[in-house]
Amino acid sequence: MSDRGSGDRSMVDILEFLARLVAVFSVFAIAGSLLGTGVPDTRALFVLCVSLVVVVGIGFVRDRE
């Protein structure tokens, strides 16, 4: 594997970590808005969906390798 390939791999690891971190924080934001107003925050729901799509997409890419 070339140096460029290993650098891309570590960038994917960082992206997956950040997506998981964002997913956790958005779950807390949704829970907080549910407890405070009784209605989930739509922005947090959107961010949660996007971050989960990124994590699942990275998982599929890793399985193909």
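First, a word on scope: everything that follows refers to the structure included in this document. Bear in mind the structure is a predicted one, so any value in this text is a computation, not a measurement. (Residues numbered from 1 in each chain as written. Predicted model: local features only at pLDDT ≥ 70, side-chain atom pairs only at ≥ 80, totals over all residues. Heavy atoms only, no water.)

1. So, helix α2 (residues 42–64)
Piece 1. For α2, with 23 residues, the first-to-last C-alpha span of 33 Å sits near the 33 Å given by 1.5 Å per residue.
Piece 2. When we look at burial in α2, the residues that qualify are A44, L48, S51, V55 and I58. (Helix = DSSP H or I, 4+ residues; strand = E, 2+ residues; numbered from the N terminus. Expected span 1.5 Å × (residues − 1). Buried < 20%, exposed > 50% of the residue type's maximum accessible area, 1.4 Å probe, protein only.)

2. Section: the pattern of salt bridges
Piece 1. Across all of its chains, the model carries four salt bridges by this definition.
Piece 2. A salt bridge links D41 to R43; its shortest N-O distance comes to 3.7 Å.
Piece 3. Under the relative-accessibility criterion, R43 is labelled exposed at 62%.
Piece 4. If you follow the salt bridges from partner to partner, you end up with D13, E16, R20 and R62 in one network. (Salt bridge = Lys/Arg side-chain N within 4 Å of Asp/Glu carboxyl O.)

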